[in-house]
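One letter stands for each residue in the lines below.
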Amino acid sequence: MYPEYMAASLRMVDETRARRLELAKKPEPVYPPMDAAERRAVLEGFHPDFKSDARRPVRVGPNRGDILTTEVAHLLESHSWLRPEQVDLSRPDFETDLLIIGGGGAGCNAALTAMKEHGVRSLIATKLRMGDANTMMSEGGMQAAVARADSPTRHYLDALGGGHFENKPELVRALTEDAPKVVQYLENLGVVWDKEADGSLQVLHGGGTSRKRMLSCRDHIGAMIMRTLMDEVKNHPDMIEVKEFMPAVELIRDEEGRCAGAILYSMDSEEFFVVRAKATLIATGGFGRLHIRGFDTTNHYGATGDGLVLAYRAGARLMYMDSVQYHPTGAAFPEQIAGFLITEKVRGAGGQPLNKDGELFVFPREPRDIEASAIIRECVQNGGGIATPSGRVGVWLDSPIIDLIHGEGYTAHHFAAIHRQFLRYDLDITRVPMLIYPSLHYQNGGVEINERCETNLPGLYVAGEASGGVHGRNRLMGNSVLDYNVFGRRAGLFAGEYVKNTTLAPLTLSHLDRHERDLADAGVDSELVTPILLPSYAPEDVKKRQLIRGGNVLPGSSVLRNRLHSDATL
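Residues numbered from 1 in each chain as written. Predicted model: local features only at pLDDT ≥ 70, side-chain atom pairs only at ≥ 80, totals over all residues. Heavy atoms only, no water.

Bringing the pairing of strand β3 (residues 94–101) into the picture now. For β3, the tally of buried residues reaches 6 of 8 residues, placing the bulk of the element in the interior. Sheet topology note: the β3/strand β10 (residues 272–282) ladder contains 7 bridges and is parallel. Bridge assignment links L99 to a residue of β10, and that residue is T280. (Buried < 20%, exposed > 50% of the residue type's maximum accessible area, 1.4 Å probe, protein only. Helix = DSSP H or I, 4+ residues; strand = E, 2+ residues; numbered from the N terminus. Pairing = 2+ DSSP bridges.)

A separate point is the nonpolar core. One finds M142, W193 and F487 to be the most contacted residues of the largest nonpolar core, which totals 141 residues. Here this core gets 10 residues from one element, more than from any other, and that element is helix α15 (residues 479–499). Inspection of this core shows a minimum of three residues originating in each of domain 1 (4–50 + 330–439) and domain 2 (84–323 + 444–508). Apart from residues no more than four positions distant in its own chain, M142 is found in contact with V182, V183, L186, W193, R213, M214, L215, I221, G478, V481, L482 and N485. Judged by nonpolar contacts, the second largest core, of 16 residues, contains W81, I252, V274 and L509. (Core = buried A, V, L, I, M, F, W, Y, C linked by side-chain atoms within 4.5 Å. Domains from an automatic or database assignment. Contact = heavy atoms within 4.5 Å.)

Below, the discussion takes up the environment of E22. In this structure, E22 sits in helix α1 (residues 7–25). Judged by its relative accessible area of 44%, E22 falls in the partly exposed class. Distance in space between the C-alpha atoms of E22 and I405 is 9.5 Å, their sequence separation being 383 residues.

Between F333 and the following residue, P334, the backbone shows a cis peptide bond with an omega angle of 0 degrees. Phi at F245 takes a positive value of approximately 55 degrees, unusual for a residue other than glycine. Tracing the sequence through the fold places F245 in the loop between β7 (240–243) and β8 (248–254). Accessibility expressed as a relative area gives 31% for F245, which makes it partly exposed.

Here we come to the pairing of strand β16 (residues 434–443). Where burial is concerned, most of β16 is hidden: 10 out of the 10 residues are buried. By the bridge criterion, 7 bridges tie strand β12 (residues 324–333) to β16 in an arrangement that is antiparallel. What sits directly across from A331, in β16, is I436. The pairing of strand β15 (residues 393–398) with β16 spans 3 bridges and is classified as antiparallel. Looking at β16, one finds that V395 is bridged to I436.

Quick look at helix α7 (residues 169–189) now. If you check α7, its first and last C-alpha atoms are 30 Å apart, about what 21 residues at 1.5 Å a residue would give, namely 30 Å. A maximum bend of about 45 degrees is found in α7 at A179, where proline P180 lies one to four positions downstream. Every buried residue of α7 is accounted for by L171, V172, A174, L175, T176, D178, A179, V182, V183, Y185 and L186. Downstream of α7 by a residue or two, G190 has a phi angle that is positive, lying close to 130 degrees. (Expected span 1.5 Å × (residues − 1). Bend = angle between axes of the 7 residues up to and from the residue.)

This brings us to the sheet that holds strand β17 (residues 446–448). Across a sheet, strands are paired by hydrogen bonds formed along the backbone, either parallel or antiparallel in direction. Taken in spatial order, the 3 strands make up an open sheet running β11-β17-β19, and their pairing is mixed. The sheet is open, and its two edges are formed by β11 (318–319) and β19 (467–468), each paired on a single side. In terms of strand pairing, β17 meets β19 through 2 bridges, oriented parallel. Across the sheet, E448 pairs through a bridge with G468, a residue of β19. Running at roughly 35 degrees to β17, helix α9 (residues 306–314) makes contact with β11 and β17 of the sheet. (Axes fitted to C-alpha atoms, helices over the stretch in contact; angles between N-to-C directions.)

Along the polypeptide, M130 turns up in the loop between β4 (122–125) and α5 (134–137). According to the relative accessible area criterion, M130 is buried, its value standing at 11%. Other than its neighbours up to four places away in sequence, M130 contacts G103, C108, I124, M230, V233, V242 and E244.

What follows deals with the pattern of salt bridges. Taken as a whole and judged by the stated rule, the model has 38 salt bridges. Through salt bridges that share partners, D14, R17, R20 and D398 make up one connected network. (Salt bridge = Lys/Arg side-chain N within 4 Å of Asp/Glu carboxyl O.)

Quick look at the environment of A197 now. Positionally, A197 belongs in the loop between α7 and β6 (214–215). By relative accessible area, which is 90% here, A197 ends up exposed. With 265 residues separating them along the chain, A197 and V462 place their C-alpha atoms 39 Å apart.

A separate point is the confidence of the model for the protein. Here the protein averages 92 in pLDDT, and 95% of its residues register 70 or above. Throughout residues 549–570 the model reports pLDDT below 50, and contacts reaching past four residues in sequence, or to other chains, amount to 53 contacts. (pLDDT = per-residue confidence, 0-100.)

Next up, the structure:
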């Protein structure tokens, strides 16, 4: 239930709904979309990326001198878990053709494709369980130009525009041209797409799209795809080995400069294990659990940006790591689920963002960074937000209007997971609106790749959210689900091709010594040990006691000082 003091604002939402419903029935937008100048003004004035302390130069590594998101720069200017002499590289614990770091959608796709196209064996090392990934948490849908009125060319132009024309064009071309094939591939594996009565694929609008292009599985698309991919991986235990609770903590190179595997860390036994691999794929996802600028996040518990650290210390370049995506509609109340994703498809179906007076203040389907900035402006500058008991603030997302537009039962059927989540807190979103605020959602940048998923480090491939360049500096809804499917498959295809012609030289971790020298030369003073692996939400006094029990030995200790800053608002 909402607190009693919100009742007056809720009444105003009810009182304006009939008028807003009439607007929704007309062909014109319910609120005027912004022009280019208005979009630029709201971005520069209110998007978190544009705050004065949001970015700074990184002082070490391949991107030295580049301006990055401040928390990412901290992450990269950190120490390794281990020293080279702690492990014996001459006696690997595991050997494989392709090492895949990450057990989400990109990793599974790569393993399956490498096996089917090249007969390549893979080892998937994942931090938590298979499927504990942002892939599983996707709700809204996947973009693909499959409708008669659409085309990959239109999809390409929409994606470029959504990324502010800063995407790598060859990556966008691969994304959009492969999309229809991915739809068929997933259906053949067992994904059940939403369809119309005539059997055609159902497509809906998303923010920033010029055509209806969003395919869905109600609001369970991530779970549907992830479960299907996991089942297929498990069908091939002779070709795909899975190591759960064994994250990678460093990449290994060979003496000729190629990526040659990784050091894994067992979260059960607290031991290091050496994996020798002819090719390595980073598919570790994003960094939402870094809580950039203190924002709540939609991301799963393990999303701590590990792939960035692994690749960067080994010598891979990053791109667009000055850009963060905040989803416009994360839950602001109930506070037990703060940050919980409210899919953009809710607004695509007619849900309307409203201020405390029940009035529209932004076109509901602006691109994500614009929509999020407008919501922040409404709360921060215009005073149109509603405060929660803990001091959060949000605006209404009018969900009851959806059933009035499409018919009773539409919301409960098409947004079953969201409906059920709010019912747990005695809030029926078919009768009352949701209180929402932007939530940290997506790592726009990442490790730079080409259309073959190759990095500047031979033998190292990256796919999914850990990669950079596909989405420019803003991603449109549904392109992330497409991304990990398209580039996961491409990574498996091209990495599988690479391993068949590769013979490794002796292994080395000399890049760790180089990194430590660079930190010293740059005068970096950091106690941070990375990759972080898991976020720490313990109070500061508890963390201090843990550190004392760990002997204050940070590198290689099972108790790590692993938060970027202690004053984040969670």
